[in-house]
Amino acid sequence: VDSINVLVIQAFSALAAGGAILCSQYIGQKNHEMANKSARQVLFIITAISVAVTALCLLFRVPLLKLIFGKVEADVMTASQVYFFYTALSFPFIALYDAGASIFRSQGNTRGPMTVSVISNVINIGGNAALIWGFNMGVAGAAWATVLSQLISGILCFLYMRKQYDILKFEKDEIKFEGRQAIILCNMGIPMGLQYSITAIGSVILQTAVNSLGSQAVAAVTAAGRISGFSCCPFDALGSTMATYAGQNVGAGKLDRVGKGLKSASFIGGIYAIIAFFVLSLFGRQIALLFVSADEIAILDHVKQFLFFNTAFYIPLCLVNTVRFCIQGMGYSRLAILAGVCEMVGRIIASLVLVPIFGFVGICLASPIAWIMADLFLVPAYCHTINRMKKILAS
């Protein structure tokens with residue numbers, strides 16, 4: 001189920017980021033009127049899309065899960081349906097947070113979204129522990145913890161936007177759909193959304209391989225995925241920051257600063273990757289106790305193994321985020337689709353080749369392989385893009 005949620009959530013994030021890139025380019029050009037219009041249209045479009053997606057997911061959740069996961073154990077399918085029903089309710093709030101966070105970053109504000117994200121993740125983790133173990137709510141408890149955390153993050157983000165930025169006070173004449181501006185935003189955001197969707201297809205196929213290993217593997221990947229999701233937040237933040245930073249500097253015609261920013265972001269991410277590796281390698285099993293009972297020895301062993309393999313390759317993951325979003329910030333978002341294809345191929349290889357041979361270790365290696373394959377495309381793509389931009393500005 002998490003693989004489906006990731007597909008939807010990352011598509012929202014990419015659409016919002018695409019809109020923010022346009023805002024940041026206008027800000028770099030000091031065209032504040034168009035930046036304001038872009039910010040409002042990002043909120044308008046992403047809210048409408050998220051509500052429609054939520055309605056479709058709730059209406060077709062059962063056939064969708066059966067189509068994707070095929071034949072799995074009955075208890076796994078039942079739990080998946082319950083979990084997906086509740087988490088789908090959080091999609092509009094996730095979209096609201098993504099839109100707000102992207103607008104913050106286009107204005108140069110990175111502390112606001114980071115603070116809201118930390119609050120949301122703390123509530124999610126605490127809610128999981130309280131509802132699953134304290135109130136014995138099981139899968140429903142995990143789902144409700146997700147809904148609650150996303151609801152709070154969305155509301156906090158919206159309130160902060162209204163307080164912090166005059167452009168988001170929403171006068172009556174400003175709450176309207178502007179077709180031309182929406183088309184421009186979609187041209188920026190949809191390719192980014194497609195890239196994440198393509199990546200998520202690989203994750204869905206990988207999930208099928210996980211399901212084939214049984215309920216213990218499913219539980220281990222779910223728990224490890226939650227821990228990884230929290231630990232990867234800094235990489236997501238660095239990537240989004242690079243998108244708006246690159247957009248602003250391209251708008252201002254300062255390409256030299258783009259390269260310097262990419263080096264700084266990659267260095268910061270590399271330092272964090274090393275720290276995360278040691279922390280999760282040493283204490284991953286203890287952290288997993290927030291999601292898994294202490295008597296589930298086999299599941300805890302799998303979680304520790306998964307975290308070890310994934311965190312060992314966090315530096316390639318850092319590059320995936322910083323380089324990809326830098327390219328997108330310069331206006332070449334369609335290249336991200338090819339990077340997504342590389343990630344998808346990596347996960348499919350792991351699903352079809354490594355899992356049948358190595359079992360759970362194949363699952364652990366899937367994401368590292370995907371990240372490395374994406375980097376092999378992204379680094380040359382960045383060099384090509386920056387050289388092309390220099391020629392355009394020089395002409």
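Residues numbered from 1 in each chain as written. Predicted model: local features only at pLDDT ≥ 70, side-chain atom pairs only at ≥ 80, totals over all residues. Heavy atoms only, no water.

Draft legend 1. Structural context of the overall build of the protein chain. Along the protein chain, the regular secondary structure elements total 15 helices and zero strands. Taking all 395 residues of the protein chain together, 52% fall into the buried category. Long-range pairs, those at least 24 residues apart, make up 82% of the contacts in the protein chain between residues at least 6 apart in sequence. (Helix = DSSP H or I, 4+ residues; strand = E, 2+ residues; numbered from the N terminus. Buried < 20%, exposed > 50% of the residue type's maximum accessible area, 1.4 Å probe, protein only. Contact = heavy atoms within 4.5 Å.)

Draft legend 2. Local environment of the packing of aromatic side chains. The tally for this structure, following the rule as stated, stands at six aromatic pairs. Ring centres of Phe235 and Tyr314 lie 5.3 Å apart, and the angle between their planes is 80°; this geometry places the pair in the edge-to-face category. Pair noted here: Phe235 is in helix H10 (residues 233–251) and Tyr314 is in helix H13 (residues 314–329), with a separation of 79 residues, a long-range link. The same class applies to Phe235 as to Tyr314, namely buried. (Phe/Tyr/Trp six-rings, centres within 6.5 Å; stacked < 30°, edge-to-face > 60°.)

Draft legend 3. Examining the pattern of salt bridges more closely. According to the stated counting rule, one finds three salt bridges in the structure shown. Each of Arg324, Glu343 and Arg347 takes part in one network of salt bridges that share partners. (Salt bridge = Lys/Arg side-chain N within 4 Å of Asp/Glu carboxyl O.)

Draft legend 4. Local environment of a positive patch on the surface. Together, Lys30, Lys254, Arg257, Lys260 and Lys263 line one region of the surface with positive charge. Mapped onto the fold, Arg257 is located in helix H11 (residues 255–288). (Patch = residues over 30% accessible without salt bridge, like charges linked within 9 Å, V, L, I, M, F, W, Y side chains within 5 Å. Areas by Shrake-Rupley, 256 points an atom, 1.4 Å probe, with all protein chains shown as cover. Lys, Arg positive; Asp, Glu negative; His and termini not counted. Charge placed at Lys NZ, Arg CZ, Asp CG, Glu CD.)

Draft legend 5. The arrangement of the environment of Thr47 in detail. Along the chain, Thr47 falls in helix H2 (residues 32–59). Judged by its relative accessible area of 37%, Thr47 falls in the partly exposed class. In the structure, Thr47 is positioned 35 residues away from Phe12 in sequence and 9.5 Å away in space, judged by C-alpha atoms.

Draft legend 6. Structural view of a nonpolar patch on the surface. A grouping of Phe267, Ile268, Ile271, Ile274, Ile275, Phe278, Val279, Leu282, Phe283 and Ile315 is seen on the molecular surface, where their side chains present a nonpolar patch of about 980 Å² in accessible area. Take Ile275: it is sitting in helix H11.

Draft legend 7. Region of the structure containing the side chain of Ser153. You can see Ser153 is positioned in helix H7 (residues 138–164). A residue is classified by how much of its surface remains accessible, and Ser153, at 2% relative accessible area, is buried.

Draft legend 8. Inspection of the nonpolar core at higher detail. Counting residues in hydrophobic clusters, the biggest one holds 55 residues, and the most contacted among them are Val258, Val303, Tyr314, Cys326, Met330, Ile363 and Tyr382. Taken together, the elements giving at least two residues each to this core come down to helix H8 (179–212), helix H9 (215–231), H10, H11, helix H12 (297–311), H13, helix H14 (335–358) and helix H15 (360–394). For this core, the element with the most residues is H15, which contributes eleven residues. In this view, Cys326 contacts Met242, Ala246, Val258, Leu262 and Tyr382; residues no more than four positions away in its chain are not counted. (Core = buried A, V, L, I, M, F, W, Y, C linked by side-chain atoms within 4.5 Å.)

Draft legend 9. Representation of the packing of H13 against H14 within the structure. Packing of H13 against H14 brings their axes to within 9 Å, and their N-to-C directions diverge by 155°. If you check the angle between H13 and H14, you find them roughly antiparallel. Contacts between H13 and H14 involve Val320, Arg324, Ile327 and Gln328 on the former and, on the latter, Leu335, Ala336, Ala339 and Glu343. (Axes fitted to C-alpha atoms, helices over the stretch in contact; angles between N-to-C directions. Parallel < 35°, antiparallel > 145°, perpendicular 65-115°, else oblique.)

Draft legend 10. Fine view of the environment of Ala350. Within the secondary structure layout, Ala350 lies in helix H14. Overall, the relative accessible area of 0% leaves Ala350 in the buried class. The spatial distance from the C-alpha of Ala350 to the C-alpha of Ile363 is 6.8 Å, given a sequence separation of 13 residues. Those residues in contact with Ala350 that sit more than four places away from it in its chain are Val355, Gly362 and Ala366.

Draft legend 11. The arrangement of H10 in detail. Taking 1.5 Å per residue, 19 residues should reach 27 Å; H10 reaches 27 Å between its end C-alpha atoms and fits that length. For H10, the full list of buried residues reads Phe235, Leu238, Gly239, Ser240, Met242, Ala243, Thr244, Ala246, Gly247, Asn249 and Val250. Positive phi appears at Gly253, one or two residues downstream of H10, with a value of about 75°. (Expected span 1.5 Å × (residues − 1).)

Draft legend 12. Spotlight on the environment of Thr87. Along the chain, the position of Thr87 falls in helix H4 (residues 74–88). Apart from residues lying up to four places away in sequence, Thr87 is in contact with Asn5, Ala143, Thr146 and Val147.

Function cannot be read off these values alone, since they describe shape.
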